Amino acid sequence: MVGDIQGCFAELERLLKRINFDKKKDFLWLTGDLVNRGPESLKVLRFVKSLGDSAIVVLGNHDLHLLAIYFADHDARPKDTFEEILSASDTHELMLWLVSKPLFHRDQKLQACMSHAGIPHMWSLDQAETFAAELCEFINTNTEEYFAEMYGNVPNPWNPGYSGMQRMRCITNYLTRMRYIRPDGTLEFAEKGPPGNQHPGYEAWYELRSPEETRIFFGHWASLGGRTINEGIFALDTACVWGESLTAQCIESGVRTSVACLA
Ligand SMILES: [Mn+2]
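Reading the values: the criteria
- Residues numbered from 1 in each chain as written.
- Predicted model: local features only at pLDDT ≥ 70, side-chain atom pairs only at ≥ 80, totals over all residues.
- Heavy atoms only, no water.
- Phe/Tyr/Trp six-rings, centres within 6.5 Å; stacked < 30°, edge-to-face > 60°.
- Buried < 20%, exposed > 50% of the residue type's maximum accessible area, 1.4 Å probe, protein only.
- Helix = DSSP H or I, 4+ residues; strand = E, 2+ residues; numbered from the N terminus.
- Pairing = 2+ DSSP bridges.
- Contact = heavy atoms within 4.5 Å.
- Polar contact = N/O pair within 3.5 Å; in protein donor to acceptor, adjacent residues only side chain to side chain.
- Axes fitted to C-alpha atoms, helices over the stretch in contact; angles between N-to-C directions.
- Parallel < 35°, antiparallel > 145°, perpendicular 65-115°, else oblique.
- Nonpolar A, V, L, I, M, F, W, Y, C, P; charged D, E, K, R; others polar.
- Donors = N, O, S within 2.8 Å, 3.2 Å for Na, K, Ca; no water.
- Core = buried A, V, L, I, M, F, W, Y, C linked by side-chain atoms within 4.5 Å.
- Disulfide = S-S within 2.5 Å.
- Salt bridge = Lys/Arg side-chain N within 4 Å of Asp/Glu carboxyl O.

Caption draft 1: The arrangement of the packing of aromatic side chains in detail. The full count for this structure, using the stated rule, is 15 aromatic pairs. Ring centres of Tyr70 and Phe71 lie 4.9 Å apart, and the angle between their planes is 85°; on these two criteria the pair is classed as edge-to-face. In this structure Phe71 comes out as buried when scored by relative accessible area, which is 18%. Ring centres of Tyr146 and Phe147 lie 4.9 Å apart, and the angle between their planes is 80°; on these two criteria the pair is classed as edge-to-face. The rings of Tyr70, Phe71, Phe138, Tyr146 and Phe147 are connected pair by pair, giving a single aromatic cluster.

Spelled out as structure tokens, the structure:
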């Protein structure tokens, strides 16, 4: 399991060498945000795609942002680093590959699951799996509509009665953007720092989850430094693109390995 790569291809190569990753017998789980801000997003996409079924990927907010630029003509933001991907000879193939990826993955035998930002406390893992599958189906059958309408902070909080694009945007926000949440499910979108100084009434999402047998792995929240207070919930984004490190955790043994950012 490797956290947010965000275009840090050299560090990914070094990390995989360090853990003796062998695509013939190992599976590489990636918590999403393969691209953006870092220097070599195109290389990351090509490499992960080349792993075929050995790579298990869930989409993160930066991946969705890239797809929205490609499929719905959204504008890039000043800090985005997508030019190389968008002008590559294999852009279309890469985007079709990326858009087919899920937003949640669970392995019953390993008792492990992942999504980019995590799973809100109101959802059981079965529900998360169902909602994420609904979303994936929607994205792949209504691609342009989805990406044209994807951005936005509402509706918030979740209500099981939502349908259509409202429902899809709400599921997207929990699985790819969540950090702080209120007991009623309301998300706080602006606060990105570590727990301690957030708005009153909000908690880190994992603090509201009851202990469960299946371990949850997530990325997205770089300021956590790879730590949560929960046994069984693992933060994997160790801020490589911000100059810190890229981290892998062996799902079976729990052993962690990090390589420092090379930039
Ligand atoms: Mn993210």
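Caption draft 2: Looking closely at the pairing of strand β10 (residues 245-249). Across the five residues that make up β10, a large majority, five, are buried. Residues Ser245, Thr247 and Gln249 line one face of β10 and the alternating positions Leu246 and Ala248 line the opposite face, and both faces are buried. By the bridge criterion, five bridges tie β10 to strand β11 (residues 256-260) in an arrangement that is antiparallel. In the strand pairing of β11, Ala248 is matched with Thr257. Between β10 and β11, which pair antiparallel and follow one another directly, the connecting turn spans six residues, one of which, Gly254, has a positive phi of 80°.

Caption draft 3: Region of the structure containing the environment of Tyr70. Its location among the elements puts Tyr70 in helix α3 (residues 61-72). In this structure, the C-alpha to C-alpha distance between Tyr70 and Gly60, residues ten residues apart in sequence, is 16 Å. Those residues in contact with Tyr70 that sit more than four places away from it in its chain are Leu86, Thr91, His92 and Met95. Polar side-chain contacts of Tyr70 include one of 2.7 Å to the side chain of His92.

Caption draft 4: Examining the packing of helix α1 (residues 9-18) against helix α2 (residues 41-50) more closely. Running from N to C, α1 and α2 cross one another at 40°; their axes reach a closest spacing of 9 Å. Between α1 and α2, the interaxial angle falls into the category oblique. Contact residues: α1 offers Phe9, Leu12 and Leu16, while α2 offers Lys43, Val44 and Phe47. For the contact of α1 with α2, the residue count by class is five nonpolar, no polar and one charged.

Caption draft 5: The arrangement of the coordination of the manganese ion in detail. Taken together, Asp33 (OD), Asn61 (OD1), His116 (NE2) and His220 (ND1) make up the protein donors of the manganese ion, found 2.1 to 2.3 Å from the metal. Judged by its relative accessible area of 2%, Asp33 falls in the buried class.

Caption draft 6: Molecular detail of the nonpolar core. Ranked by internal contacts, the top residues of the largest apolar core, which has 78 residues, are Leu45, Tyr146 and Phe147. For this core, the element with the highest residue contribution is helix α6 (residues 125-141), accounting for seven residues. With residues near it in sequence (within four places) discarded, Tyr146 still touches Leu64, Leu135, Phe138, Ile139, Met165, Met168 and Thr172. In terms of nonpolar packing, the next biggest core, distinct from the first, is built from nine residues, Val58, Ala112, Met114 and Ile251 among them.

Caption draft 7: Up close: the state of the cysteines. Evaluation of the coordinates by the stated rule reveals zero disulfides. Free of any disulfide, Cys240 has its nearest neighbouring cysteine sulfur in Cys8, separated by 3.9 Å. The class for Cys240 is buried, based on a relative accessible area of 1%. Considering cysteine sulfurs only, Cys113 is the nearest to Cys250, which forms no disulfide, with 17 Å between them.

Caption draft 8: Expanded view of the pattern of salt bridges. For the structure on display, the rule yields ten salt bridges. We note a salt bridge from Glu93 to Lys49, for which the minimum N-O separation is 3.5 Å. Of this pair, Glu93 sits in helix α5 (residues 91-99) while Lys49 sits in helix α2, and the two are 44 residues apart along the sequence. Accessibility expressed as a relative area gives 49% for Glu93, which makes it partly exposed. Among the residues examined, Lys49 registers a relative accessible area of 29% and is labelled partly exposed. A salt bridge links Arg167 to Glu134, with the shortest nitrogen-to-oxygen separation between them at 2.6 Å. Within this pair, whereas Arg167 is found in helix α8 (residues 164-176), its partner Glu134 is found in helix α6, the two being separated by 33 residues in sequence. Residues joined by salt bridges that share partners form a network here, namely Arg106, Asp126 and Glu129.

Distances and angles like these do not, on their own, reveal function.
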